[in-house]
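Listed here are the chains, written in short residue letters.
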Amino acid sequence: MLRRSSNLFFCLACLTLAQQIGSAGDWPDWRGPDRNGVSREKGLPEKWSLGGQHLAWKAPYGGRSTPVVLGDHLYLQNTAGKGETEQERILCLNADTGKLLWEYRFNVFQSDVPAHRVGWASPVADPETGNVYVFGVNNLLTALTKDGKKLWERSITEEFSPFTTHGGRTVSPIVDGNLVIVSTPTATWGTQANRAQRFIALDKRTGDIVWISTPGGRPYDTSYAPMNIVAVNGMRLLVTGGADGAALALKPQTGEPVWNLVIAKRGLNTGIVVSGKYAILSHSEENLDTNEMGMIAAVDATGKGKLGRESIKWAVKGFMGGFSSPVIDGDRIYQADNSSNLFAFDLETGRQLWKLNLGTIQKGSVVFGDGKIYIGSESGKFYILRPHADHCEVLNEVELPLSDQGLASQKIPEPVVASAAVARGRVYFVSSDSLYAIGPRRTPAEPWKPVTQVIEPGQGAPAWVQVAPTEMVLKPGDTVQLHARLYDAAGRFLREENSAAWSLEGLKGVVADGKLAVAPDKVSQAGLIKATAGGLTGEARARVIPPLPWNETFDAYPLGSVPPHWVSATAGRFQVSELDGRKVLEKLPNETLFKRMRVFMGPSDWSNYTVEADIRINEKRRQLGDAGIIAQRYTLVAFGNNQRLEMNSWQPETARAVSAPFAWKPNTWYRLKLRVENTSNGKKRIRGKAWLAGEPEPEGWLIDRVDPIPNQQGSPGLFADAQFGVYFANLKVRPNQ
């Protein structure tokens, strides 16, 4: 019995260590070292003022995301530039002094996010390598060293075609062991052609995709619920909210779904925290069983599969907790509602203990440390509070200066929509205009030292085979080494299986001992690579893209099909059809969100090429759709109703668009041509033209622009926004001479 208790203590200790990411004093994740909004530090500030009391420094960098701190580096994600030069960026400052050390900028492309929503997510810093990972609003995931050098990047947009909205909602990445994990609703190809929220785990050192998981149902909208990793009943779980209105749990090292509980009629955006076996979750959407909006609830997190009402221990309906995430303090839960009221609930029963008004609108989450709450409001105030069992004491309330980012006719105090970060005795927070550091003038902000996360090793029989890399874009003749890894029933790594049996499905080539050799045939392919060990099978997916030039007439494809390697073509309801005696590609009429789709056909690292295609736009009820072609992250669009030709790379930012009038007739074939050229002086020249199909190509270009912040590479593709359908034919993609 004693030996069993000792083993249990050891396992629990390992699981506890696995949750602590970083050294004492670090805040590497936007929800803190344990991803629960709680700091373990003592001696944190109780008061500060704009006049200088405990204001260590202030820097002129505003934003909407939470800063993270690792060693003596502070990282903040926001925007730089304006109009045609606006970009997303990550800043690195000295955490002790506020001095800017470096910045890294990257373009927004193929996204519908408006300019004021850029810089939504927070970065995550890795205590083991010192690297920092940034997930932009255009779903570009970038890995940087602590000195700002790019290690790798992965264009989730062009590989997975995420559902991009005008909300700009972007999930902040997390690091777990050797993985960096992101999430977004996507629609790709094959068995993942449907639109669903997917979780994508990548090797944090190489950018290779290790696993992809689809744990939920059809997404209602995009979601930005933070991910948390907790230990429940001896198992590590990644818990988060989904775009389908469900709270869900995965095994973080394999992506295997564990449980799913649908609680709302729209996507969830708040974080989940856990105490014992219960998960605390909330939302401000319509509940399933009534038309009442909002709820906070305690749910049994030890369940499996689809959970029902029986898993809910208690629920308080009508609580509008849709943006700010909760924290747990012993036997109390603290959370702010959408109207900036801070609540305390009893953890055991859900009974409301007290309520304190902080303003009118609330987005930022509660941060708790040293017996105090740190929180800013969209009303332009920052609070330091001391919670008690029956009330909340206001220790400090500071109204921020008038914002320079507000409406020209109405100056308001600087809104705070992000959470605070606590590191080495200081509290850092960002407003719309500034970054503040409150606490002592000097801190022990020492340089980063590596800290390796401890994760309990696997035990017992294998229960899961993981093939990695699990999603690849390859060329004919490529070779790649794959790995078959075995995990136990709790999702813990056991060993690499060298004796796995390998096979191919839908791919031409050879695979033996995990080494895949793609056939040299210059044809497009899409299929699976499978590994079987001990009766268990895992698989990886690969698209094989032939080199340029392409000349696609669609004659080789059966009617009703779609090129299998094209991303999002199935979800967008594209298919090969017959029109006027020849095969064409049709985007079927659609009145849902899928009427507006981007299809990507190739790798994201191509550059210096030209795309051409014939288009034909249908008309109904005097309405015409829009159709276009994509090259190197630029889109040339025929706007039917507006009777113009436009080139853009980020459509909502109109300063980056160039247009020319053009009279489009319905049910008539036109030719589009888009050329993105790498010039001798290192710039990018983008030119576009349109003319009546079958007539000689005009010499002049209707669109001719040199981009001041050019896209260096990108996949060719198609664009359509067509309620009544459009057609494409005679597609050509060729390298520039």
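This is a predicted model, so every value here is computed, not measured. (Residues numbered from 1 in each chain as written. Predicted model: local features only at pLDDT ≥ 70, side-chain atom pairs only at ≥ 80, totals over all residues. Heavy atoms only, no water.)

### Observations concerning the overall build of the chain
Inference 1: Counting its secondary structure elements, the chain contains 2 helices and 60 strands.
Inference 2: Over its C-alpha trace the chain gives a radius of gyration of 26 Å, about what one expects of a compact globule, namely 27 Å for 737 residues.
Inference 3: Dimensions of the chain, computed from the C-alpha atoms along their principal axes, are close to 80 × 70 × 55 Å.
Inference 4: With 737 residues in all, the chain has 62% of them scored as buried.
Inference 5: Restricting the contact set of the chain to residue pairs at least 6 apart, pairs at least 24 apart contribute 59%.
Inference 6: Counting every atom, the chain has about 27,500 Å² of accessible surface; 50% of that belongs to carbon and sulfur.
Inference 7: Each charge class in the chain was averaged separately, 83 positive and 75 negative side chains, and the resulting centres sit 1 Å apart. (Helix = DSSP H or I, 4+ residues; strand = E, 2+ residues; numbered from the N terminus. Rg over C-alpha atoms; globule rule 2.2 N^0.38 Å. Buried < 20%, exposed > 50% of the residue type's maximum accessible area, 1.4 Å probe, protein only. Contact = heavy atoms within 4.5 Å. Areas by Shrake-Rupley, 256 points an atom, 1.4 Å probe, with all protein chains shown as cover. Lys, Arg positive; Asp, Glu negative; His and termini not counted. Charge placed at Lys NZ, Arg CZ, Asp CG, Glu CD.)

### Examining the pairing of strand β38 (residues 483–487)
A regular strand carries its side chains on alternate faces of the sheet.
Inference 1: Where strand β35 (residues 464–468) and β38 come together, 5 bridges link them in antiparallel fashion. Considered in β38, the bridge of alanine 468 is made with histidine 483.
Inference 2: Both β38 and strand β39 (residues 493–496) contribute to a ladder of 3 bridges, which runs antiparallel. Paired with tyrosine 487 across the two strands is phenylalanine 493, which belongs to β39.
Inference 3: Count of turn residues in the β38/β39 antiparallel hairpin: 5 residues, of which glycine 491 carries a positive phi of about 80 degrees. (Pairing = 2+ DSSP bridges.)

### Points about the packing of aromatic side chains
Inference 1: A complete count under the given rule lists 23 aromatic pairs for this structure.
Inference 2: With a centroid separation of 5.2 Å and an interplanar angle of 85 degrees, the aromatic rings of phenylalanine 319 and phenylalanine 345 are classed as edge-to-face. Residue phenylalanine 319 is located in the loop between β23 (312–317) and β24 (327–329), and its partner phenylalanine 345 is located in strand β26 (residues 341–346); the two are separated by 26 residues in the primary sequence.
Inference 3: Its relative accessible area of 1% is what places phenylalanine 345 among the buried residues.
Inference 4: With a centroid separation of 4.0 Å and an interplanar angle of 5 degrees, the aromatic rings of phenylalanine 382 and phenylalanine 429 are classed as stacked. Of the two residues, phenylalanine 382 is situated in strand β30 (residues 381–387) and phenylalanine 429 in strand β33 (residues 426–430); the sequence distance between them amounts to 47 residues. Neither phenylalanine 382 nor phenylalanine 429 differs from the other in exposure class; each is buried. (Phe/Tyr/Trp six-rings, centres within 6.5 Å; stacked < 30°, edge-to-face > 60°.)

### What to know about the pattern of salt bridges
Inference 1: Using the criterion set out here, one finds 52 salt bridges in the structure.
Inference 2: The closest approach of N and O atoms between arginine 386 and glutamate 46, which form a salt bridge, is 2.7 Å. In this pair, arginine 386 sits in strand β30 while glutamate 46 sits in the loop between β1 (38–39) and β2 (55–59), placing the two residues 340 residues apart along the sequence.
Inference 3: The partner of lysine 317 in a salt bridge is aspartate 289, with the nearest N and O atoms 2.5 Å apart. A residue pair is termed long-range when its members are at least 10 positions apart, and lysine 317 in strand β23 and aspartate 289 in the loop between β20 (278–286) and β21 (293–300) qualify at 28 residues.
Inference 4: The partly exposed category is assigned to lysine 317, whose relative accessible area is 33%.
Inference 5: When salt bridges that share partners are traced, they join Asp112, Lys595, Arg596, Arg598 and Asp721 into one network. (Salt bridge = Lys/Arg side-chain N within 4 Å of Asp/Glu carboxyl O.)

### Considering the pairing of strand β15 (residues 228–232)
Inference 1: Taken across its 5 residues, β15 has 4 buried, putting it largely inside the fold.
Inference 2: Alignment of β15 against strand β16 (residues 235–241), held across 5 bridges, turns out to be antiparallel. In the sheet register, valine 232 faces β16, and the bridge partner there is methionine 235.

### Section: the sheet that holds β23
Inference 1: What the 4 strands build is an open sheet, ordered β19-β20-β21-β23; its pairing is antiparallel. Edge strands, defined here as strands with exactly one partner in the open sheet, are β19 (273–275) and β23. Taken pair by pair, the neighbouring strands of this sheet meet at an average axis angle of 25 degrees, ignoring direction.
Inference 2: Sheet analysis places β21 next to β23, joined by 5 bridges and oriented antiparallel. Paired with alanine 297 across the strands is alanine 315, a residue of β23. (Axes fitted to C-alpha atoms, helices over the stretch in contact; angles between N-to-C directions.)

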